[in-house]
Protein chains: 2
Amino acid sequence: MNGGAAVEPELQILPVAGLGEVHPGDDLSQMLGDAIAGSPSGLLDGDVLVLCQKVVSKAEGRVVELSEVEVSDEAAAFASRFDKDAALVELAMREAVEILRMQDGHLITATAKGFVAANSGIDRSNQAEAGQVTLLPLDSDASARALRERLQSRFKVECALLISDTFGRPWRMGQVDVAIGAAGLEVLDDFQGREDWKGRPLEHTLIAVADQLCAAAGLLMGKAAGVPAVLIRGFAYQRSAGSDASQLLRPRENDLFR
Amino acid sequence: MNGGAAVEPELQILPVAGLGEVHPGDDLSQMLGDAIAGSPSGLLDGDVLVLCQKVVSKAEGRVVELSEVEVSDEAAAFASRFDKDAALVELAMREAVEILRMQDGHLITATAKGFVAANSGIDRSNQAEAGQVTLLPLDSDASARALRERLQSRFKVECALLISDTFGRPWRMGQVDVAIGAAGLEVLDDFQGREDWKGRPLEHTLIAVADQLCAAAGLLMGKAAGVPAVLIRGFAYQRSAGSDASQLLRPRENDLFR
């Protein structure tokens, strides 16, 4: 270990073990609290707790059996043309308030809450429940707020809570984790706030801190493929009572790419 | 500290201090090596070293004085209409091989290497050098490979090296860090590789690991606003001799949003 030199970690990313399988109707904040209480990391003031979307959706009953979905002609035609699951296409269309692209086997939509995602953010569940999918939570910011309040009250700390999901990007390959729910922190950090050499304010100085935090947590969620909760410790986020993940959505009228 | 329970960190994100100001022609690998040698973290086998684009561009002389740029009529007109810097617009147009959008004050382009970014990825330099901008490295994957080789040889370890830049996203507010150069690791991780309940391969199972690593590093680069090099320790990336950041660019023919 580098000649025994002391290592002073600046940020730690820690898995929360022991959450167990989550089912519709489960008290997720209780289960999470128990997992945290049983883990060596605990929950400290200033921690950021990142939860994957799937456990939140499951606890909230946003689970659908694909075999029980009544498929429309349009969904069936698109699915058959591109060898996709017709029930999944049907659900994605139902969850969408706008279809951005429906071509080449891709279905990119905007949801009622404004998330732009493939298949309206619908995920297949895990292997144990083949044939089930999870829909996005109805209001993931409300979910984040409620979970944070329960955990803060139980552990007597102030923390931030993020709900994370993996989204694709139009010009880049692969998916990254982004925040679909947030509570307790400013999701956008205007850390530069500078002017250019003629005194004009610099554009594009906002950093999507909540998305960077979710991406960092995704390094653990992805590898283990079964870590649904991750703590980020040591990050000096800006505390906020009002900021949430809806602020990460570009307003429709400023969108150059729909 | 949580009743004294031992905390077992899974991932650490560590700043590399002491790099100092980088100037055109500087030997960046030597400077980086010296900074690492002087830092308590050192460089261990399996570390991921993330460098911000700006120091790489500077060392490679990709620095331009805005006052010396000859501005075309088109750049001048666009800049004047939206109160932008005409020299910056001119440079962005020169660096572009394709202009995706040039409207509402936004100039979104594709560079010769295929990066889609605002203003062709041109950054204003820091306050000390008002009036200067940095262009993206000519070949940031080659830069990453060369830097990695020099560091591996000096420290006798195998590591991964990423060059990071902050890019905007079409549907989300704020910028996140992504990899524009990579060496030593598979940039895309096909960690799921599952089939759906009817045995069809799941789509969209690739995770952009290199981008997640850059976003994690960005948590330190952003806050301190002066940390140009960050180590990520404890992440079990997949080693690779051939993978690089060009693999993170969606091929033009699969792009639904140009």
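Worth saying up front: this structure is predicted, and the values here are computed from it rather than measured.

Visitor: Could you give an account of unusual backbone geometry, naming the residues involved and the relevant values?
Guide: Not every positive phi belongs to a glycine, and Asn119 of chain A is a case in point at roughly 55 degrees. Here Asn119 of chain A is to be found in the loop between strand E6 (116-118) and strand E7 (123-124). Assessed through the 23 C-beta atoms surrounding it within 10 Å, Asn119 of chain A is described here as buried. The phi angle at Ser120 of chain B is positive, at roughly 55 degrees, despite the residue not being glycine.

Visitor: Can you break down the pairing of strand E11 (residues 229-233) of chain A residue by residue, with the values?
Guide: All names here are of chain A. Taking burial as the measure, the five residues of E11 include four buried ones, the bulk of the element. Of the strand pairs in this sheet, strand E1 (residues 11-15) and E11 are connected by four bridges, and their pairing is antiparallel. Looking at the pairing, Ile13 lines up with Ile232 of E11. Summarising the sheet, strand E2 (residues 48-52) and E11 pair through four bridges and their orientation is antiparallel. Note that in E11 the partner of Val50 across the bridge is Val230.

Visitor: How would you summarise the packing of helix H1 (residues 28-37) of chain B against helix H5 (residues 140-155) of chain B if you had to cite specific residues and measurements?
Guide: All names here are of chain B. Axis separation between H1 and H5 bottoms out at 9 Å; the angle between their running directions is 45 degrees. With respect to each other, H1 and H5 are oriented oblique. For the element pair H1 and H5, the recorded crossing hand is right-handed. Between H1 and H5, the residues in contact are Leu28, Ser29, Leu32 and Gly33 and Leu147, Arg150, Leu151 and Arg154, respectively. For the contact of H1 with H5, a count of residues per class yields four nonpolar, two polar and two charged.

Visitor: Hey, could you go over the confidence of the model for chain A for me, with residue numbers and the actual values?
Guide: Residues and elements named next belong to chain A. For chain A, the mean per-residue pLDDT works out to 89, and 88% of the residues sit at or above 70. Confidence over residues 1-8 falls short of pLDDT 50; this stretch has eight contacts with residues more than four positions distant or in other chains. Two numbers describe this predicted complex: its pTM, 0.92, and its ipTM, 0.92.

Visitor: I'd love a proper account of H1 of chain B, names of residues and values included.
Guide: Residue and element names in this part refer to chain B. By the burial criterion, the buried members of H1 are Leu28, Leu32 and Ile36. Looking straight down H1, one finds that the buried residues subtend no more than 65 degrees of arc, so they occupy a single side. The exposed set on the far side of H1, more than 90 degrees from its buried face, consists of Gln30 and Ala37.

Visitor: Quick rundown of helix H5 (residues 140-155) of chain A? Include the residues and the values.
Guide: All names here are of chain A. With 16 residues, H5 extends 22 Å from end C-alpha to end C-alpha; this agrees with the ideal 22 Å at 1.5 Å per step. Of all the positions in H5, only Ser140, Asp141, Ser143, Ala144, Leu147, Arg148 and Leu151 are classed as buried. An end-on view of H5 places all buried positions within 150 degrees of arc, on one side of the element. Looking at the buried positions of H5, the neighbouring elements they touch are helix H1 (28-37), helix H2 (53-59), strand E9 (160-167) and strand E10 (176-183). Backbone geometry just downstream of H5 places Lys156 in the positive-phi region, at approximately 55 degrees.

Visitor: Give a detailed account of the sheet that holds strand E5 (residues 106-111) of chain B, specifying residues and quantitative values.
Guide: Residues and elements named next belong to chain B. The strand order E4-E5-E6 describes an open sheet built from three strands, whose pairing is antiparallel. Edge positions in the sheet fall to strand E4 (96-103) and strand E6 (116-118), since each has one partner strand and no second. Looking at each pair of strands side by side, their axes are set apart by 25 degrees on average, direction ignored.

Visitor: Break down the packing of helix H3 (residues 73-81) of chain B against helix H4 (residues 86-95) of chain B for me, with residues and values.
Guide: A pair of packed helices is captured by two measures, namely the crossing angle of their axes and the spacing between those axes. All names here are of chain B. At a closest axis distance of 8 Å, the pairing of H3 and H4 adopts a crossing angle of 130 degrees. With respect to H4, the element H3 is oriented oblique. Both H3 and H4 take part in a crossing whose hand is right-handed. Each of Ala75, Ala76, Phe78 and Ala79 in H3 lies in contact with H4, whose residues at this interface are Ala86, Val89, Glu90 and Met93. Looking at the contact of H3 with H4 residue by residue, the class counts come to seven nonpolar, no polar and one charged.

Visitor: How would you sum up the sheet that holds strand E11 (residues 229-233) of chain B? Please name residues and give values.
Guide: An order of E10(A)-E9(A)-E2(A)-E11(A)-E1(A)-E1(B)-E11(B)-E2(B)-E9(B)-E10(B) is seen for the ten strands of this open sheet, with the pairing classed as mixed. The open sheet is flanked by E10 of chain A together with strand E10 (176-183) of chain B, the only strands paired with a single partner. Each strand of the sheet is rotated relative to its neighbour by a mean of 25 degrees, with strand direction disregarded. Across five bridges, strand E2 (residues 48-52) of chain B lies against strand E9 (residues 160-167) of chain B in parallel orientation.

Rules used in this analysis
- Residues numbered from 1 in each chain as written.
- Chains lettered and ligands numbered in written order.
- Predicted model: local features only at pLDDT ≥ 70, side-chain atom pairs only at ≥ 80, totals over all residues.
- Helix = DSSP H or I, 4+ residues; strand = E, 2+ residues; numbered from the N terminus.
- Buried ≥ 20, exposed ≤ 12 C-beta atoms within 10 Å, placed from the backbone.
- Pairing = 2+ DSSP bridges.
- Axes fitted to C-alpha atoms, helices over the stretch in contact; angles between N-to-C directions.
- Parallel < 35°, antiparallel > 145°, perpendicular 65-115°, else oblique.
- Left-handed = near helix turned anticlockwise from the far one by under 90°.
- Contact = placed C-beta atoms within 7 Å.
- Nonpolar A, V, L, I, M, F, W, Y, C, P; charged D, E, K, R; others polar.
- pLDDT = per-residue confidence, 0-100.
- Arc of directions from axis to C-beta.
- Expected span 1.5 Å × (residues − 1).

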